[in-house]
Amino acid sequence: MFERIRHMLIKEFIQVFRDPRMRTVVFVIPCVQTLVISYAVTLDVERVATAVYDRDHSEDSREFISRFTGSGHFEVVEHVDSEERAQELIDRGRVSTLLRIDPGFMEDLRAGRTARVQVIVDGTDSNTAAVVMSYASRIAAAASEQIVLERLERATGRARDASLVDLEPRAWFNENLESRNFFVPGVIVIVVTLVTLLLTSMAVVREKEIGTMEQILVTPITPGEFILGKTVPFALIGFVDVTLVTLVGTLWFGVPIRGSLGLLYFATGLYLMTTLGAGLYISTVSQTQQQAMMSTFFFFFPAMLLSGFAFPIANMPLVVQWLTLVNPLRWFLVIVRAIFLKGVGPEVLWREMAALAILGTTILGLVVGRFRKTLA
């Protein structure tokens, strides 16, 4: 048995690595994808292109505008002098935010009345718009608090000694609230998933296309041995890719890894059972490599969208939340993020690892049952 499996392993490694382009796809492309996607996928909103329509032209209005520009979140690209020009900038996409101050702003402030300021935000991208409005609200609230304190000091004739409430916020696990620390571990999972799925989905169907399946069918190899010989090489490649993209995430992007590397590799082994099994199942039901590739993407994209990578599962409809329970990507994503950012161990992650073990053994069992030593 071991001799037959050994020959299968040698054959698979030769098929994968004899083409220099395939070596690039297996080892270089995942690192490049991790770099590109990690830079692209972020929820941080900085240097928002902003136009200012100051109709008050007062000292107070200029000071209020300086609060926006000094925050680091807004970058004024133009001071407009008409409604038409402001609308044109937003319509053309040159700015996404307009800060409008009407006449009487300084007069209202100094008379003790509420001074009104309008912030117009391009809502095409709802997430960015919500973040921009949150920034603007915080800046306006800070300015309003400062004005109230100055009036209080003038009225009482003494400076305020201290705040009545001193709030000291502290974020655990991601102290600077950088979205990259949240997304990079997810990108690592996505890249490894895609690579292992693509490789294994071509494994069996490639034998059919090049005509070597007939040679395998006349050998005494069993279905279990055949599946083992097809999965072990790609599992080893998966471990290597996990190592490479983890190094990119930690050394290049500075994402902390606070947990155990041994636990990460153990969970990776459980997860690779599911991806390799799914890829082999796709390969056994496909007749051509083109069919296998299309089926892989039909499986991959729903799995990614329902994993919690970008959209919280708690915000999904209840039926969809139940559907995510059979998505291995969901469980592995929780494990990787927890190991990277929280540093927790198996006493916390045993449920997720148990789910991966159940899904992996189920999928591999289906593959072994599906494979028959026939050409059908």
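Look above for the structure.
A short tour of the structure in this document, coming up. (Residues numbered from 1 in each chain as written. Predicted model: local features only at pLDDT ≥ 70, side-chain atom pairs only at ≥ 80, totals over all residues. Heavy atoms only, no water.)

**Here's the deal with the overall build of the protein**
Here is step 1: Looking only at helices and strands, the protein features 15 helices and four strands.
Here is step 2: Dimensions along the principal axes, computed over C-alpha positions, put the protein at roughly 95 × 50 × 40 Å.
Here is step 3: Burial status across the protein gives 41% buried among its 376 residues.
Here is step 4: The contacts in the protein between residues at least 6 apart in sequence include a share of 78% that link residues at least 24 apart.
Here is step 5: When the accessible surface of the protein is totalled, it reaches about 20600 Å², and 62% of it is carbon and sulfur.
Here is step 6: Between the averaged position of the 35 positive side-chain charges in the protein and that of its 37 negative side-chain charges there is a distance of 10 Å. (Helix = DSSP H or I, 4+ residues; strand = E, 2+ residues; numbered from the N terminus. Buried < 20%, exposed > 50% of the residue type's maximum accessible area, 1.4 Å probe, protein only. Contact = heavy atoms within 4.5 Å. Areas by Shrake-Rupley, 256 points an atom, 1.4 Å probe, with all protein chains shown as cover. Lys, Arg positive; Asp, Glu negative; His and termini not counted. Charge placed at Lys NZ, Arg CZ, Asp CG, Glu CD.)

**Brief notes about the side chain of Thr274**
Here is step 1: Relative to the helices and strands, Thr274 resides in helix H11 (residues 261–285).
Here is step 2: Excluding anything up to four places from it in sequence, Thr274 contacts Pro328, Leu356, Leu359, Gly360 and Ile363.

**Examining helix H3 (residues 59–70)**
Here is step 1: With twelve residues, H3 extends 16 Å from end C-alpha to end C-alpha; this agrees with the ideal 16 Å at 1.5 Å per step.
Here is step 2: Of all the residues in H3, the buried ones are Asp60, Ser61, Phe64, Ile65 and Phe68. Around the axis of H3, the buried residues are gathered within 140° of arc, so they sit on the same side. What points out from H3, more than 90 degrees from its buried face, is the exposed set Glu59, Arg62 and Gly70. (Expected span 1.5 Å × (residues − 1). Arc of directions from axis to C-beta.)

**Thoughts on unusual backbone geometry**
Here is step 1: Here the phi dihedral of His57 falls at roughly 50°; this positive angle occurs in a residue that is not glycine.
Here is step 2: Among the secondary structure elements, His57 is positioned in the loop between strand S1 (48–54) and H3.
Here is step 3: Look at Phe173: it is not a glycine, yet its phi comes out positive at around 75°.
Here is step 4: Note on placement: Phe173 falls in the loop between helix H6 (126–156) and helix H7 (179–201).

**Here we look at the pattern of salt bridges**
Here is step 1: This model, assessed by the stated rule, comprises ten salt bridges.
Here is step 2: Note that Glu75 and Arg47 form a salt bridge whose closest N and O atoms lie 3.1 Å from each other. One end of the pair, Glu75, is in strand S2 (residues 74–79); the other, Arg47, is in the loop between helix H2 (20–40) and S1, with 28 residues separating them in the sequence.
Here is step 3: Several salt bridges converge on common partners, so that one network encompasses Arg55, Glu83, Arg100 and Asp102. (Salt bridge = Lys/Arg side-chain N within 4 Å of Asp/Glu carboxyl O.)

**A look at the packing of aromatic side chains**
Here is step 1: Inspection of the entire model under this criterion finds eleven aromatic pairs.
Here is step 2: With a centroid separation of 5.3 Å and 75° between ring planes, the pair formed by Phe182 and Phe183 is classed as edge-to-face.
Here is step 3: Relative accessible area serves as the criterion here: at 35%, Phe182 is assigned to the partly exposed category.
Here is step 4: Residue Phe183 is classed as buried on the basis of its relative accessible area of 4%.
Here is step 5: Ring centres 5.4 Å apart and planes at 70° place the aromatic pair Phe300 and Phe301 in the edge-to-face group.
Here is step 6: Judged by its relative accessible area of 40%, Phe301 falls in the partly exposed class.
Here is step 7: Taken together through their ring pairs, the aromatic side chains of Phe64, Phe68, Phe74 and Phe105 make up a single cluster.
Here is step 8: Above the face of the Trp331 ring, Arg330 is positioned so that its terminal group lies 4.6 Å from the ring centre.
Here is step 9: Directly above the aromatic system of Phe182 lies the positively charged group of Arg337, at a separation of 3.6 Å from the ring centroid. (Phe/Tyr/Trp six-rings, centres within 6.5 Å; stacked < 30°, edge-to-face > 60°. Lys NZ or Arg CZ within 6 Å of the ring centre and 35° of its normal.)

**A look at the pairing of S1**
The side chains of a regular strand alternate between the sheet's two faces.
Here is step 1: Within S1, six of the seven residues are buried, which leaves the element mostly enclosed by the surrounding structure.
Here is step 2: In this structure, S1 lies alongside S2, joined through five bridges in parallel fashion. Residue pairing in the sheet places Ala51 in a bridge with Glu78 of S2.
Here is step 3: Regarding the hand of the β-α-β motif, the stretch spanning S1, H3 and S2 is right-handed. (Pairing = 2+ DSSP bridges. Right-handed = clockwise from strand over helix to strand, strands pointing away.)

**A few points about the packing of H2 against H7**
Axes are the key here: two packed helices are described by the angle between their axes and the distance separating the axes.
Here is step 1: Contact geometry for H2 and H7: axes closest at 9 Å, N-to-C directions at 155°. Relative to H7, the element H2 is oriented roughly antiparallel. Our pair here, H2 against H7, has a crossing hand that is right-handed. Between H2, through Met22, Val26, Pro30, Gln33, Thr34, Ile37, Ser38 and Tyr39, and H7, the contact on the second element is made entirely by Arg180, Val184, Val187, Val191, Leu194, Val195 and Leu199. (Axes fitted to C-alpha atoms, helices over the stretch in contact; angles between N-to-C directions. Parallel < 35°, antiparallel > 145°, perpendicular 65-115°, else oblique. Left-handed = near helix turned anticlockwise from the far one by under 90°.)

**Quick look at the sheet that holds strand S4 (residues 117–121)**
Here is step 1: Strand order in the open sheet made by the four strands is S2-S1-S3-S4, with mixed pairing throughout. The strands lining the two open edges of the sheet, one partner per strand, are S2 and S4. Strand-to-strand twist of the sheet, defined as the mean angle between neighbouring strand axes without regard to direction, takes the value 30°.
Here is step 2: Note: strand S3 (residues 97–101) against S4, five bridges, orientation antiparallel. Within the sheet, the bridge partner assigned to Arg100 lies in S4 and is Gln118.
Here is step 3: In the packing of H3 onto the sheet, the strands contacted are S1, S2, S3 and S4, and the crossing angle to S3 comes to about 160°.
Here is step 4: Together, S1, S2, S3 and S4 form the strand contacts of helix H4 (residues 83–91), whose direction differs from that of S3 by roughly 160°.

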